[in-house]
Amino acid sequence: DELAASANEDFFLMTIAFTIMIGFAANTLGKPCSSLYGRTLVANVDVAIIMTGGLAAFGFQMYLGVPFQQLNLVLPFLLIGVGIDSAYVLTAGFDRSDPSKSLPDRLYDTGAGSGMSITVTTLTNAVALLFGSTTKLQAVEWFCYYAATSFIFVYFGHITAFAAVLTLDAERRNSLRADCCVCRKIPESKNESLNKESPLQKFFSDTYAPFLMRPLVKSVVIGVFVGAASIFGYLAATEITTEFDLSLLTTDTSYLRFYYEKAEELFGSADAGRVPTSLFVGQVNYSEYETQAEIRRLVDVLLSQPTVDESLGAEDWHLDFTAWANDTNGGNYSQFFSEDGKYLVGATFIPALQEFLAEFVFQRFQDDIVFSTTDPDVIIMSRISVQHVLLPNAEISVDALLETQSVTEDSTLEPSPFVVSFAYQFYDQFRIIVPEVVTSLSFALVAVLVICTVFLVHPLSVLILIIVLAMILTNLLGSLPIWPLDLNSVTSINLVMALGLVIDYSAHILHHFGSLDHNLSRNERALKTLSEMGPPVFMGVCTTFLGVCPLAFSSSEIFIAFFKMFLSIVIVGGTHGLIFLPVLLSLVGPSVPRDVEGSKKLVV
């Protein structure tokens, strides 16, 4: 309920995000403030494509029966930021195409270059998320289904509807029609000249790329990035925690947030000092001596566990019932006890128990025993409750879970009894989160590399991608304790998504580098790659950041956690894609002459 309330409370931020992206894209997809060369209409249509693609994906998953969770409401922020990145890449490719060619030919060239790039990035995003959905964490699984489908639907919108809009916009320009008001024709005397290079393109080609390709700068870049990976790797190995603060599910103004803070302050724990847990015994013959003896043994073993507070005892209906039945001032059933005088056995057990529960002082146990609705003489479930000691961190909480689970392993009762607490669902997450994240990321990484191997072709390109991805993931994991954030289901979602998203900032550069004339030197191709693909990749970084920026003002801790993680993703992924990767390519990038008439030697 609290998560739903926080999501609904921040719904207006979605409107802000879409408004910001429309304004940003309208002024950057084309020439700003130009009635002829602007692309305000194209930007609006692209946002509409992203919105309808996301809604269609949501509807498709609901049709398949995948539950919708409030956490999915963060997806529109991600889609608007990541989706417009594809629009920048396609638009940049279309603008680079030969204007003397026909529009179908220009669109074909755009699809062969930029279209291939967004295909690679979309496939890697979707596959990484689908493999991430194999996790045992159900919230992560459902989110990955919705996110993967959304990325795919938005991709198809871009290669179909957006591509058509680009050609229509080119027709508008050729016909001298005004942007936003195509019914108005611009007189030729007022026709503006289109500067082929935007200020951002000029900065990348004339200033940034030549500076980055200087030998001294390359040395500094390699040293800084390797050093940063080492530092963040140390933080990832030594400082990451696996807590899950329940306040993440609440808003700043929630009464639950106030309760958790006060409980932490006064009792040292958000659980108000102690976590209750219960031994549950199923439908067994409670009137038998052996059954009652086994129940007593299990309770004694449970109370002897280091993480159970033995001084508080147990809320034990069986112990109190046995004492009452043997008391002459109580039930006075001592004549029906076993020979050793320990337990009430035989046919009088159930009637005596019902009499016991009817007494005012023992009515508190009525919720601890469930009788069959068809046969009131049959107990189908009972419970005996104890309290854990203070569990200050995830490691001790996992110990508590494992200890209590081991209590019933050798029980002779059938069906087997079990020990469970509401809090154990969180402790179980602490227990499995690290292996689950490692498994999900490993599967996703292998799948992503298989896809990139097909599209990048050259094994050296794939090796470089592996190095860059490894460094990025190391930095992202190391950034968790800096924020600080714990490794939990929320951050694991972002880590799985990051694997696909950071490909956006690297695959475009790698693919373009590999598509250039290999007779050029590595340095020349790196310069050309930065000049041509640097601006759209940089704009993609900016749009992703702007898309999630409104989440920073959310009242929900979960949305703020998403913002922190995505800020790390755009900074780490963007800097590796636009700084480290071009430098690495200029030094050891693949160099294979184009095989036009036959095979040629591999040059490395």
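Scope of this entry: the structure provided in the associated data block.

Rules behind the numbers
- Residues numbered from 1 in each chain as written.
- Predicted model: local features only at pLDDT ≥ 70, side-chain atom pairs only at ≥ 80, totals over all residues.
- Heavy atoms only, no water.
- Helix = DSSP H or I, 4+ residues; strand = E, 2+ residues; numbered from the N terminus.
- Rg over C-alpha atoms; globule rule 2.2 N^0.38 Å.
- Buried < 20%, exposed > 50% of the residue type's maximum accessible area, 1.4 Å probe, protein only.
- Contact = heavy atoms within 4.5 Å.
- Areas by Shrake-Rupley, 256 points an atom, 1.4 Å probe, with all protein chains shown as cover.
- Lys, Arg positive; Asp, Glu negative; His and termini not counted.
- Charge placed at Lys NZ, Arg CZ, Asp CG, Glu CD.
- Core = buried A, V, L, I, M, F, W, Y, C linked by side-chain atoms within 4.5 Å.
- Disulfide = S-S within 2.5 Å.
- Expected span 1.5 Å × (residues − 1).
- Polar contact = N/O pair within 3.5 Å; in protein donor to acceptor, adjacent residues only side chain to side chain.
- Salt bridge = Lys/Arg side-chain N within 4 Å of Asp/Glu carboxyl O.
- Phe/Tyr/Trp six-rings, centres within 6.5 Å; stacked < 30°, edge-to-face > 60°.
- Lys NZ or Arg CZ within 6 Å of the ring centre and 35° of its normal.

## A look at the overall build of the protein
Thinking step 1. When you go through the protein residue by residue, the secondary structure sums to 18 helices and seven strands.
Thinking step 2. Taking 604 residues into account, the globule formula puts the C-alpha radius of gyration at 25 Å, and the protein, at 32 Å, lies well above it.
Thinking step 3. Dimensions along the principal axes, computed over C-alpha positions, put the protein at roughly 110 × 55 × 45 Å.
Thinking step 4. Taken over 604 residues, the protein has a buried fraction of 52%.
Thinking step 5. For the protein, long-range pairs separated by at least 24 residues make up 77% of all intrachain contacts whose partners lie at least 6 apart in sequence.
Thinking step 6. Split by element, the accessible area of the protein, about 26700 Å² in all, is 62% carbon and sulfur.
Thinking step 7. Put simply, the protein has 32 plus and 60 minus side-chain charges, and the middle of one group is 23 Å from the middle of the other.

## A closer look at the nonpolar core
Thinking step 1. Ranked by size, the top nonpolar core spans 164 residues in total, and within it Phe143, Phe321 and Phe562 carry the most contacts.
Thinking step 2. Considering each element in turn, this core owes the most residues, 17 residues, to helix H18 (residues 557-588).
Thinking step 3. Of all hydrophobic cores here, the second largest spans five residues; its members include Leu36, Leu176, Ala178 and Ile186.

## Focus: the state of the cysteines
Thinking step 1. If you walk through the whole model with that rule in mind, you get zero disulfides.
Thinking step 2. We note that cysteine 183 lacks a disulfide partner, and the nearest cysteine sulfur, in cysteine 181, lies 3.5 Å from it.
Thinking step 3. We classify cysteine 183 as exposed; its relative accessible area is 64%.

## A few points about the environment of leucine 402
Thinking step 1. Inspection of the secondary structure puts leucine 402 in helix H13 (residues 394-407).
Thinking step 2. The exposure class of leucine 402 is partly exposed, given its relative accessible area of 40%.
Thinking step 3. Along the backbone, leucine 402 and aspartate 428 are 26 residues apart, and their C-alpha atoms lie at a distance of 9.1 Å.

## Some thoughts on H13
Thinking step 1. The terminal C-alpha atoms of H13 lie 20 Å apart, and with 14 residues this matches the ideal 20 Å at 1.5 Å per residue to within 8%.
Thinking step 2. Considering only its buried residues, H13 is in contact with helix H10 (289-303), strand S7 (418-420) and helix H14 (424-456).
Thinking step 3. Two to three positions downstream of the cap, the backbone nitrogen of glutamate 395 sits 3.2 Å from a side-chain oxygen, assigning the N-cap of H13 to asparagine 393.

## A look at the pattern of salt bridges
Thinking step 1. Inspection of the entire model under this criterion finds 14 salt bridges.
Thinking step 2. Residue arginine 297 is joined to glutamate 294 by a salt bridge in which the shortest nitrogen-to-oxygen separation is 2.9 Å. Taken together, the positions of arginine 297 and glutamate 294, both in helix H10 and three residues apart, correspond to about one turn of that helix.
Thinking step 3. A residue is classified by how much of its surface remains accessible, and glutamate 294, at 7% relative accessible area, is buried.
Thinking step 4. The salt bridge involving aspartate 428 is made with arginine 431; its shortest N-O contact spans 2.4 Å. Here aspartate 428 and its partner arginine 431 are both found in helix H14, three residues apart, which amounts to about one turn of the helix.
Thinking step 5. By relative accessible area, aspartate 428 is classed as partly exposed at 26%.
Thinking step 6. The exposure class of arginine 431 is partly exposed, given its relative accessible area of 37%.
Thinking step 7. One network of salt bridges, in which partners are shared, links Arg39, Asp95, Asp169, Arg172 and Arg173.

## Some thoughts on helix H3 (residues 40-63)
Thinking step 1. Spanning 24 residues, H3 covers 35 Å between terminal C-alpha atoms, matching the ideal 34 Å at 1.5 Å per step.
Thinking step 2. Burial in H3 covers these residues: Val42, Ala43, Asp46, Val47, Ile49, Ile50, Gly53, Gly54, Ala57, Phe58 and Gln61.

## Brief notes about the packing of aromatic side chains
Thinking step 1. On inspection of all chains with the given rule, the structure shows 27 aromatic pairs.
Thinking step 2. Geometrically, the ring pair formed by phenylalanine 422 and phenylalanine 426 is edge-to-face, given 5.9 Å between the ring centres and 75 degrees between the ring planes.
Thinking step 3. Above the face of the phenylalanine 94 ring, arginine 106 is positioned so that its terminal group lies 4.3 Å from the ring centre.

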